[in-house]
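Residue-level structural notes
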Amino acid sequence: MNDYDALRDYLMRQKQEEFVLSFEQIEEIIGAALPRAAHRASWWDSLRSPDIQMPQREACLAAGFVATRMPDGASVRFRKKKGERRR
């Protein structure tokens, strides 16, 4: 799965500063199953290894959000980056 444009577009439409989506909700948004790696917190970490391109991270950052996997291991918190303005 390399195309997270649908996630980016979904995030760009959000008005809330912070919200949580379950993996199932994210899969509905992207129209595909998340890879097994998505269950690791590091896969969602928007600030880790910025030199390595990761399509899910790029989609979140392009929409102005930072993603963090929740401790439950089945959902992700999306938080608007400070200083970001809506387009």
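Structure's up top.
Below, the structure is looked at part by part. These numbers come from a predicted model, not from an experiment.

Cut-off values and rules
Residues numbered from 1 in each chain as written. Predicted model: local features only at pLDDT ≥ 70, side-chain atom pairs only at ≥ 80, totals over all residues. Heavy atoms only, no water. Salt bridge = Lys/Arg side-chain N within 4 Å of Asp/Glu carboxyl O. Buried < 20%, exposed > 50% of the residue type's maximum accessible area, 1.4 Å probe, protein only. Helix = DSSP H or I, 4+ residues; strand = E, 2+ residues; numbered from the N terminus. Core = buried A, V, L, I, M, F, W, Y, C linked by side-chain atoms within 4.5 Å. Contact = heavy atoms within 4.5 Å.

All right, on to the pattern of salt bridges then. Working definition: two side chains of opposite charge can pair if their charged atoms are close together. The full count for this structure, using the stated rule, is five salt bridges. Its salt-bridge partner being D9, residue R8 comes within 2.9 Å of it at the nearest N-O pair. Take D9: its relative accessible area is 30%, and that puts it in the partly exposed class. Among the ionic pairs, R79 bridges to E18, the shortest N-O distance being 3.9 Å. Taken as a pair, R79 in strand β3 (residues 75-80) and E18 in strand β1 (residues 18-22) lie far apart in primary sequence, 61 residues in all. Since its relative accessible area comes to 37%, R79 is described here as partly exposed. Salt bridges sharing common partners tie together D5, R8 and D9.

A general tendency of soluble globular proteins is for nonpolar side chains to be buried together. With 21 residues, the main nonpolar core has L11, I26, L34, W43, W44 and F78 as its most contacted residues. Taken together, the elements giving at least two residues each to this core come down to α1 (5-12), β1, α2 (23-30), α3 (41-44), α4 (55-62), β2 (65-69) and β3. For this core, the element with the highest residue contribution is α2, accounting for three residues. Those residues in contact with W44 that sit more than four places away from it in its chain are F23, I26, L34, A38, A67, R69, V76 and F78.

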